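Here is what each chain is made of, one letter per residue.
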Amino acid sequence: MREHRLLRMFGERLLDPDYWSYNRRSVAIAMAAGVFAAWLPLPLHSLVAIGLAILLRGYLPLAIAMVWVNNPLTIAPMFYLAYQLGIRLLGLPALEFSYSLEHDIASIIWPLLTGALLLGLVSSVSAWLLTRLYWRCKIHRAWKARRR
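These numbers were taken from a predicted model, which means no experiment stands behind them. (Residues numbered from 1 in each chain as written. Predicted model: local features only at pLDDT ≥ 70, side-chain atom pairs only at ≥ 80, totals over all residues. Heavy atoms only, no water.)

Caption draft 1: The arrangement of the packing of aromatic side chains in detail. A complete count under the given rule lists two aromatic pairs for this structure. With 6.5 Å between their ring centres and 65° between their planes, Tyr22 and Trp135 make a pair best called edge-to-face. One end of the pair, Tyr22, is in the segment before α1 (24-39); the other, Trp135, is in helix α5 (residues 105-147), with 113 residues separating them in the sequence. Looking at Trp135, the relative accessible area reads 21%, which means it is partly exposed. Over the face of the ring belonging to Trp143 we find Arg146, whose NZ or CZ atom lies 4.8 Å from the ring centre. (Phe/Tyr/Trp six-rings, centres within 6.5 Å; stacked < 30°, edge-to-face > 60°. Helix = DSSP H or I, 4+ residues; strand = E, 2+ residues; numbered from the N terminus. Buried < 20%, exposed > 50% of the residue type's maximum accessible area, 1.4 Å probe, protein only. Lys NZ or Arg CZ within 6 Å of the ring centre and 35° of its normal.)

Caption draft 2: Quick look at the confidence of the model for the protein chain. Mean pLDDT for the protein chain: 88, with 91% of residues reaching 70 or above. The secondary structure element of the protein chain with the lowest average pLDDT is helix α2 (residues 45-56), at 91, and the one with the highest is α1, at 96. (pLDDT = per-residue confidence, 0-100.)

Caption draft 3: Geometry of unusual backbone geometry. In the Ramachandran plot, Leu44 falls in the positive-phi region, its phi being about 60° despite a non-glycine side chain. As for its position among the elements, Leu44 is in the loop between α1 and α2. Phi at Arg57 takes a positive value of approximately 65°, unusual for a residue other than glycine. Inspection of the secondary structure puts Arg57 in the loop between α2 and α3 (60-66).

Caption draft 4: Layout of the packing of helix α4 (residues 75-90) against α5. With their axes 6 Å apart at the nearest point, α4 and α5 run at an angle of 100° to one another. Classified by the angle their axes make, α4 and α5 are roughly perpendicular. Where α4 abuts α5, its residues Phe79, Leu81, Ala82, Tyr83, Leu85, Gly86, Ile87, Leu89 and Leu90 lie against Ser107, Ile108, Trp110, Pro111, Leu112, Thr114, Gly115, Ala116, Leu118 and Leu119. (Axes fitted to C-alpha atoms, helices over the stretch in contact; angles between N-to-C directions. Parallel < 35°, antiparallel > 145°, perpendicular 65-115°, else oblique. Contact = heavy atoms within 4.5 Å.)

Caption draft 5: Up close: the side chain of His45. On the secondary structure map, His45 appears in helix α2. Classification of His45 as buried rests on a relative accessible area of 17%. The residues contacting His45, other than those within four sequence positions of it, are Ala37, Ala38, Leu40, Val67 and Asn70.

Caption draft 6: Spotlight on the nonpolar core. Residues Phe10, Leu14, Trp39, Ile50, Ile54, Leu60 and Ala82 are the most contacted members of the largest nonpolar core, which totals 29 residues. Residue assignment for this core shows that the elements contributing at least two residues are α1, α2, α3, α4 and α5. If one sorts the elements of this core by residue count, α1 sits on top with six residues. Ile54 has contacts with Phe10, Arg13, Leu14, Tyr19 and Leu60, leaving out every residue within four places of it along the chain. (Core = buried A, V, L, I, M, F, W, Y, C linked by side-chain atoms within 4.5 Å.)

Structure below.
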């Protein structure tokens, strides 16, 4: 991994064992980082998820896996939803989409980015909270079973 040209930017931190072991905190962070990166209309989502996981000390394998929420089947509906939210938030008129690139990219990209960032934030906070809640319930059930 040290030699890979795209991963070289993360340096030795990428090989720190803390990023490869999981606990309640690191899993919740990884879920949030991966889901947030999946909403971004950028190439190389995995690098964004890796960067966020390293910055916030999350579980790297899960952060990378969660990016694949955005896949060829889900990318169009996700970005369409982000665009629709963005035009409503910015108060812009909706453009009719066609199969040709007749629209100016700037008229599409700002609403798309606005909606994607908001949906990414809401989704990542939700993923973090749900992961923490699930983990807590799982531990609680395990303790109850142990007591019985």
